[in-house]
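# Remarks on the overall topology
The primary structure of each chain is shown beneath.
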Amino acid sequence: GSIQPSERKRLDLPTDWLPGSRRGYLTISPSPRVDLGRLASFLFEYPYGCLEQTVSSAWGLLLLPDLLREVDPLLVAESEIRNAMERRIRRILSMQTYEGGFSTWPGGAQSVFWDSVYATHFLQEAQKRGWEVPSETLRDARNFLLTLLTLQPYSEEEEYLRNLISAQAYAAYVLASGGEAPLAWMEHLRERRNLLYDSGTFFLALAYAEAGQKEVALELAGSYIPSPESIPQTGGIYESSLRKMALQLLLLLRLDPSAAQATNLVNKMRSVLAGTRYLTTQESAFLVMALGEYFEGQQALSYITFTLYDTAGREIRQFVNQETVRLGVEELPPSFQIENQTSGKIFYLWSVDGVPPTPPEPWQQGIAVKRVYLDAEGNLKDLSRIQRGEVLQAVIQVNTGQSLENVVIVDPLPGGLEVENPRLATSASYEEGQDSSIHLEIRDDRLILFVPYLSQQFEYRYTVRAVTAGEFALPQIKAECMYNPAISSLGEEGRVVIRRE
């Protein structure tokens with residue numbers, strides 16, 4: 001948020017979290033760029049690692065390393081930033097296919113169009129900024145983009161065509177920003193502009209701007225008519241309103257960085273962001289690109305002066321002529337006020353989290369998920385009467401009244417149960433016949449499923465074994481549409497009792 005000169009802003013810490021679980025910080029800065037800390041934090045801490053999400057996380061590290069040092073104290077050292085970036089680059093490279101594109105997960109053989117362009121875009125920018133990216137890798141990736149431009153559609157179905165042609169427009173922009181504008185293909189795409197999603201229109205205009213043809217870019221931007229607001233795409237090219245705004249800002253900055261229209265758009269974006277509860281990695285990454293570039297070109301106050309007061313108006317501490325101030329929650333009272341005593345607007349980032357004393361209530365928003373356990377005969381298991389060493393069948397069931405793409409299901413295990421490794425000859429396995437397109441991750445305390453396409457009903461079965469006697473909490477299972485997080489569900493909690501033989 002921001003605080004006007006002589007204005008006081010009140011902030012409150014949640015008081016009902018478990019003792020010792022509260023963490024967070026307050027950053028006060030003369031630069032509006034501090035607003036991007038929320039996006040940088042979200043991208044860096046995002047828990048999943050498909051190609052798109054890995055690239056998005058890496059964009060935050062590439063463009064906002066200074067803000068990430070404020071977000072995560074473990075990244076203060078330059079070496080830690082470098083290690084975090086190099087890990088992401090290695091993971092992206094592990095997903096390159098034989099044809100130069102990139103697969104969704106490491107070891108995959110099939111290139112995905114949009115995500116391959118996105119990965120090439122990042123690797124190209126990383127190399128420009130001095131990061132080590134093998135030249136042959138980038139050459140093969142750019143060749144894949146050239147092949148993508150020549151690809152003929154295999155279907156006349158509208159959504160498929162719009163996804164393909166918009167991905168081709170993005171490929172044209174990435175090639176143009178690398179110094180090799182595919183002008184003939186850009187003209188071909190311009191002739192088919194009626195099939196472009198809004199994002200595709202912006203990418204094609206950006207390609208012309210990079211090629212030095214700003215008049216054509218202006219013509220494309222001038223003919224742009226925003227499509228009606230709609231539910232974000234859960235797959236395809238991940239079209240969403242926020243990302244469209246970010247791309248529009250990038251185009252305005254390429255055409256005229258000083259234009260008042262850019263400032264008006266930024267103010268609108270910040271207002272939308274302030275009221276947005278859910279963001280996706282794709283939205284956040286493009287917002288980082290656009291807003292980061294905008295703020296870099298803006299003049300800001302050099303120093304700020306402000307005072308912290310308690311809710312009774314008593315002064316807690318004054319900060320005079322500071323550049324940026326960062327305070328941990330342990331330095332702050334439960335409620336306080338900030339008074340801006342500078343001649344201009346100051347900006348703050350307030351980020352706090354903790355563990356509530358009770359689990360959240362179950363919910364179903366466009367999707368419903370539950371998990372049950374069956375015994376060896378397929379009967380519903382009484383979870384208060386499990387024997388140590390017993391093998392159970394875990395059944396995950398999802399219901400939705402719509403078709404969704406890119407759904408993640410997180411099934412945390414209760415203490416005392418372990419997932420059976422299906423690769424062991426001694427394991428009881430129920431995994432045979434499962435959908436091979438599903439990506440499965442088995443971690444120490446949970447099983448995670450990434451479902452590329454989900455329609456109406458879905459069921460997945462896996463095996464667990466009771467290994468430790470005792471009474472344990474049964475954590476809540478969760479399902480979420482990764483590119484429309486408003487579609488989500490949280491299951492019931494429970495108890496598990498494992499008895500000795």
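Scroll up a little and you will see the structure.
Scope of this entry: the structure provided in the associated data block. (Residues numbered from 1 in each chain as written. Predicted model: local features only at pLDDT ≥ 70, side-chain atom pairs only at ≥ 80, totals over all residues. Heavy atoms only, no water.)

### Considerations on the overall build of the protein chain
- Within the protein chain, the secondary structure is distributed over 13 helices and 19 strands.
- Taken over C-alpha atoms, the radius of gyration comes to 25 Å for the protein chain, in line with the 23 Å a tight globule of 501 residues would show.
- Based on the C-alpha atoms only, the size of the protein chain along its principal axes is roughly 75 × 70 × 45 Å.
- Every one of the 501 residues in the protein chain was classed for burial, and the buried ones make up 51%.
- When contacts within the protein chain are restricted to residue pairs at least 6 apart in sequence, those whose partners lie at least 24 apart make up 74%. (Helix = DSSP H or I, 4+ residues; strand = E, 2+ residues; numbered from the N terminus. Rg over C-alpha atoms; globule rule 2.2 N^0.38 Å. Buried < 20%, exposed > 50% of the residue type's maximum accessible area, 1.4 Å probe, protein only. Contact = heavy atoms within 4.5 Å.)

### Regarding the nonpolar core
- Formed by 103 residues in total, the largest nonpolar core has its most connected members in Trp-59, Phe-122, Tyr-170, Phe-203, Leu-249 and Leu-291.
- Residue contributions to this core peak at 13 residues, all from helix H7 (residues 158-177).
- With residues near it in sequence (within four places) discarded, Leu-291 still touches Leu-36, Leu-249, Val-266, Met-269 and Leu-273.
- Core analysis: the second largest hydrophobic core is formed by 33 residues, Ile-367, Leu-383, Ile-438 and Leu-474 among them. (Core = buried A, V, L, I, M, F, W, Y, C linked by side-chain atoms within 4.5 Å.)

### So, helix H10 (residues 214-222)
- Those residues of H10 lying buried are Val-216, Ala-217 and Leu-220. For H10, the arc enclosing every buried residue in end-on projection is 100°, short of the 170-degree limit, so these residues lie on one face. Residues of H10 that are exposed and point over 90 degrees away from its buried face: Glu-215 and Gly-222. (Arc of directions from axis to C-beta.)

### A short note on the layout of surface pockets
- A volume near 1700 Å³ is recorded for the largest pocket.
- Contributions of two or more residues to the lining of the largest pocket are made by strand E3 (23-29), helix H1 (37-45), strand E8 (346-353), strand E12 (391-412), strand E15 (446-466) and strand E17 (478-481).
- Looking at the lining of the largest pocket, its residues break down into 25 nonpolar, 9 polar and 13 charged.
- Roughly 1200 Å³ of internal volume is contained in the second largest pocket.
- If you trace the second largest pocket, you find 37 residues lining it, with Thr-104, Val-112, Glu-405, Asn-406 and Pro-452 closest to the centre. (1 Å grid on protein atoms, 1.4 Å probe; cavity = no way out; pocket = protein on both sides within 12 Å on 5 of 7 lines; lining within 4 Å. Points joined across faces, edges and corners; volume = space filled by probe spheres on them. Nonpolar A, V, L, I, M, F, W, Y, C, P; charged D, E, K, R; others polar.)

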